[in-house]
Amino acid sequence: MKLATLDVVIVLAYLAGIFVLAQWVSREKAGHQKSASDYFLASKSLPWWAIGASLIAANISAEQIIGMSGSGYAIGLAIASYEWMAAATLLIVGKFFLPIFLRNRIYTMPQFLEERYGTRIRTLMAVFWLGLYVFVNLTSIMWLGSIAVTQVTGMDQMLALVLLGVFAMAYQLYGGLKAVALTDIVQVTLLVLGGLMVTGITLGHIGGGSISAGFSQLWSAHPEHFEMILGKDSPFYKDLPGISVLIGGMWIMNVSYWGFNQYIIQRALAAKDIREAQKGVVFAAFLKLLMPLVVVVPGIAAVVLAPDLAKPDEAYPTMMRLLPSGILGLVFAALVAAIVASLASKINSVATIFTLDFYAKSRPQADQVHLVRVGRIAAAASVLLAILTARPLLGSFDQAFQYIQEYTGFFTPGIVVIFVLGLFWKRANEAGALAAAIGSFVLSIVLKLGWPALPFIDRVGLVFLLALALAAIVSLATKPQQPGSDLIRTDDVDYSTSPGFNVAALGVVAILTALYAVFW
């Protein structure tokens with residue numbers, strides 16, 4: 001595959017345009033210097049459309065497009081449960097979590113932990129998140145993105161990886177979250193349109209020019225790839241263990257990711273009010289329903305069009321080879337858009353946590369301009385670390401998306417326990433939270449080594465229940481929080497939602513029910 005001159009022009013025009021747009025939307029009035037609130041929380045003024053689009057742009061990146069297409073190639077539509085269950089999870093986040101976070105003026109997740117529990121759990125989890133974002137999230141996006149760039153352009157993979165990281169850093173370095181969020185509507189539009197083009201063209205190849213015929217033929221030829229609930233006889237049951245996907249550990253994975261993950265929830269925390277945040281979340285939920293058509297179906301189509309791939313993660317780049325000149329440039333620009341938007345989001349969140357949860361705490365006298373400068377340095381350092389460690393960490397994995405889920409599954413049960421108890425059970429204390437955090441990791445390792453046949457999603461669900469019991473027992477067996485140490489107010493939180501949110505939420509649930517009924 002080779003980019004024609006027209007394709008190169010389209011990609012370069014996108015890169016130049018999105019860079020200029022990011023700087024323009026994040027400019028400040030004459031004489032005003034960016035404060036920490038401006039840089040890390042977009043001046044708390046994001047509208048709903050920016051929140052919803054930015055949630056998806058932060059989420060859908062190389063690890064989703066390349067990784068989930070690869071899992072679609074290997075496993076089938078069942079991998080779409082990560083997307084469709086996320087839509088339902090977003091409704092829970094908007095209804096129950098955001099009202100508490102916004103009422104208490106939370107700007108980072110470690111800050112919530114300190115105000116609710118104390119400094120030890122804040123430090124522990126801040127270190128964990130920094131490590132996760134740099135050595136799992138940033139590395140996986142750069143690595144998978146560089147695979148795609150290399151296969152499309154023929155560029156050396158390490159050069160592609162470095163260019164992606166440096167551009168994403170430069171793109172958001174001046175403007176911070178505002179530069180990221182206010183350009184993400186462009187990124188998501190390009191991503192969805194580009195993805196739908198790949199889906200349409202690949203299905204058209206199978207169906208002799210007809211997309212609907214292509215889908216029917218694909219379903220008929222490989223019905224096993226259209227089963228949402230895998231049986232125990234499936235070779236991939238250990239990855240997606242049947243009905244547990246709907247009622248078990250996947251809920252824990254999704255609640256942790258969408259509810260308590262800094263680079264995701266940071267968009268909603270930057271909303272101008274709770275109603276705007278909730279509208280943005282429900283907009284994102286509808287977009288999640290669409291995502292399997294964009295990121296999974298091309299991988300399934302590759303089973304027919306490219307049945308002998310060396311690695312599943314080659315499915316999406318291989319399908320791009322079917323695209324004509326001009327369309328290839330647009331789709332490649334969409335893929336780069338997804339990579340850049342997600343990288344920029346995570347870079348900004350690393351800078352936010354490092355600056356506000358470490359640096360500002362150790363130097364309370366630092367002024368706002370100095371904090372912004374430190375945030376920019378932290379952003380650059382995170383990119384450098386990710387570039388240096390991407391190949392050693394990810395070079396040997398066939399399905400990087402499954403690697404990411406497996407790794408984070410060691411910690412997510414404890415994260416959900418800590419936050420859910422912190423939000424809704426006042427008797428929970430720091431000792432219980434620390435027990436859940438440490439216990440989650442230890443129990444996950446013990447179960448993985450001692451019960452290797454247990455599917456990791458089932459392990460996540462089981463560890464969640466054990467960590468929940470451990471946190472409750474330790475909290476009750478130790479002294480309650482000291483009076484005045486719990487600064488999180490929940491007694492006056494308004495959980496009511498607007499009629500528009502309620503109708504939209506019912507629509508999401510109805511569509512989910514129909515999808516699982518059709519593809520059961």
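Residues numbered from 1 in each chain as written. Predicted model: local features only at pLDDT ≥ 70, side-chain atom pairs only at ≥ 80, totals over all residues. Heavy atoms only, no water.

*Asks:* I'm lost on the overall build of the protein chain in this one. Help?
*Replies:* Each helix and strand counted, the protein chain has 24 helices and 0 strands in total. Taken along the three principal axes of its C-alpha coordinates, the protein chain extends 70 × 60 × 50 Å. Counting only residues that meet the buried cut, the protein chain has 61% of its 520 residues in that class. Here the contacts in the protein chain between residues at least 6 apart in sequence split such that 85% fall between residues at least 24 apart. Accessible surface for the protein chain amounts to roughly 18900 Å². Of this, 69% is attributable to carbon and sulfur atoms. Separation between the mean location of the 33 positive side-chain charges and that of the 28 negative ones in the protein chain comes to 8 Å. (Helix = DSSP H or I, 4+ residues; strand = E, 2+ residues; numbered from the N terminus. Buried < 20%, exposed > 50% of the residue type's maximum accessible area, 1.4 Å probe, protein only. Contact = heavy atoms within 4.5 Å. Areas by Shrake-Rupley, 256 points an atom, 1.4 Å probe, with all protein chains shown as cover. Lys, Arg positive; Asp, Glu negative; His and termini not counted. Charge placed at Lys NZ, Arg CZ, Asp CG, Glu CD.)

*Asks:* Before we go on, may I ask you to explain the packing of aromatic side chains in this structure?
*Replies:* Overall, the coordinates contain 23 aromatic pairs when judged by the stated rule. Judged by centre distance (5.4 Å) and plane angle (80°), the rings of W48 and F283 are edge-to-face. Here W48 is found in helix α3 (residues 48-59), whereas its partner F283 is found in helix α15 (residues 274-295), with 235 residues between them in sequence. Taking relative accessible area as the criterion, W48 reaches 33% and is therefore assigned partly exposed. Judged by relative accessible area, F283 falls into the partly exposed class, the value being 25%. Seen from their ring centres, F101 and F112 are 5.4 Å apart, and the 85° between their planes marks the pair as edge-to-face. One end of the pair, F101, is in helix α5 (residues 81-103); the other, F112, is in helix α6 (residues 109-116), and 11 residues separate them in sequence. A relative accessible area of 0% places F112 in the buried class. Joined through ring pairs, the aromatic side chains of F97, F101, F112, F128, W129, F260, F410, F411, F419, F424 and F441 make up one cluster. (Phe/Tyr/Trp six-rings, centres within 6.5 Å; stacked < 30°, edge-to-face > 60°.)

*Asks:* What's the story with the nonpolar core in this structure? I'm lost.
*Replies:* Nonpolar side chains tend toward joint burial in soluble globular proteins. Ranked by internal contacts, the top residues of the largest apolar core, which has 188 residues, are W84, F101, W129 and L240. Top element by residues in this core is helix α18 (residues 327-362). It accounts for 21 residues. Not counting residues within four places of it along the chain, the set of residues in contact with F101 comprises I106, M109, F112, G259, F260, I265, L269, F419 and L423. (Core = buried A, V, L, I, M, F, W, Y, C linked by side-chain atoms within 4.5 Å.)

*Asks:* It is not clear to me how the environment of R27 should be interpreted in this structure. Could you clarify?
*Replies:* With respect to the helices, strands and loops of the structure, R27 is situated in the loop between α1 (5-25) and α2 (36-41). R27 sits 184 residues away from I211 along the chain, and the two C-alpha atoms are 44 Å apart.

*Asks:* I tried to follow the packing of α3 against α18 on my own but got confused; where do I start?
*Replies:* Describing two packed helices takes the angle between their axes plus the distance from one axis to the other. Packing of α3 against α18 brings their axes to within 7 Å, and their N-to-C directions diverge by 100°. By the criterion of interaxial angle, the relationship of α3 to α18 is roughly perpendicular. Contacts between α3 and α18 involve A57, A58 and N59 from the former and A338, A341, S342, S345 and K346 from the latter. Residue composition of the contact of α3 with α18, grouped by class: 4 nonpolar, 3 polar and 1 charged. (Axes fitted to C-alpha atoms, helices over the stretch in contact; angles between N-to-C directions. Parallel < 35°, antiparallel > 145°, perpendicular 65-115°, else oblique. Nonpolar A, V, L, I, M, F, W, Y, C, P; charged D, E, K, R; others polar.)

*Asks:* When you look at the pattern of salt bridges in this model, what are you seeing that I'm missing?
*Replies:* Oppositely charged side chains can pair when the atoms bearing their charge come close. The final tally for this structure, using the stated rule, is 11 salt bridges. The salt bridge involving D357 is made with R122; its shortest N-O contact spans 2.1 Å. Note that D357 is positioned in helix α18 and R122 in helix α7 (residues 119-153), a separation of 235 residues in sequence. Per residue, the accessibility class of D357 equals that of R122, and both read buried. (Salt bridge = Lys/Arg side-chain N within 4 Å of Asp/Glu carboxyl O.)

*Asks:* What's the story with a nonpolar patch on the surface in this structure? I'm lost.
*Replies:* A cluster of nonpolar side chains, L124, I438, F441, V442 and V446, forms an exposed patch at the surface whose accessible area comes to about 420 Å². Here the nonpolar patch takes 4 residues from helix α22 (residues 430-450), the largest share from any one element. (Patch = residues over 30% accessible without salt bridge, like charges linked within 9 Å, V, L, I, M, F, W, Y side chains within 5 Å.)

*Asks:* Teacher, can you tell me more about unusual backbone geometry here?
*Replies:* Note on backbone geometry: most residues besides glycine have negative phi, and most peptide bonds are trans. Unlike most non-glycine residues, R105 shows phi in positive territory, near 55°. When you line up the elements, R105 lands in the loop between α5 and α6.

*Asks:* Is there a simple way to explain the packing of α5 against α15 in this structure?
*Replies:* In the contact formed by α5 and α15, the axes pass within 8 Å of each other and the chain directions differ by 170°. By the angle class used here, α5 and α15 are roughly antiparallel. Contacts between α5 and α15 involve E83, W84, A86, A87, L90, L91, G94, K95, L98, P99 and L102 from the former and I274, A277, Q278, V281, V282, A284, A285, K288, L289, M291 and P292 from the latter. Residue classes in the contact of α5 with α15 are distributed as 17 nonpolar, 2 polar and 3 charged.

*Asks:* Would you mind showing me how to read the environment of P99 here?
*Replies:* As for its placement among the helices and strands, P99 is situated in helix α5. P99 sits 175 residues away from I274 along the chain, and the two C-alpha atoms are 6.5 Å apart. Contact partners of P99, with chain neighbours within four places excluded, come to V93, G94, I274, Q278, V493, D494 and Y495.

*Asks:* Would you explain the environment of W219 in this entry?
*Replies:* Here W219 is to be found in helix α11 (residues 211-221). Residue class for W219 comes out partly exposed when judged on its relative accessible area of 32%. W219 has contacts with F226, V518 and F519, leaving out every residue within four places of it along the chain.

*Asks:* How do you make sense of the side chain of Q111 when you look at a structure like this?
*Replies:* With respect to the helices, strands and loops of the structure, Q111 is situated in helix α6. Contacts of Q111, omitting those with residues within four sequence positions, involve R105, I106, R122 and D357.

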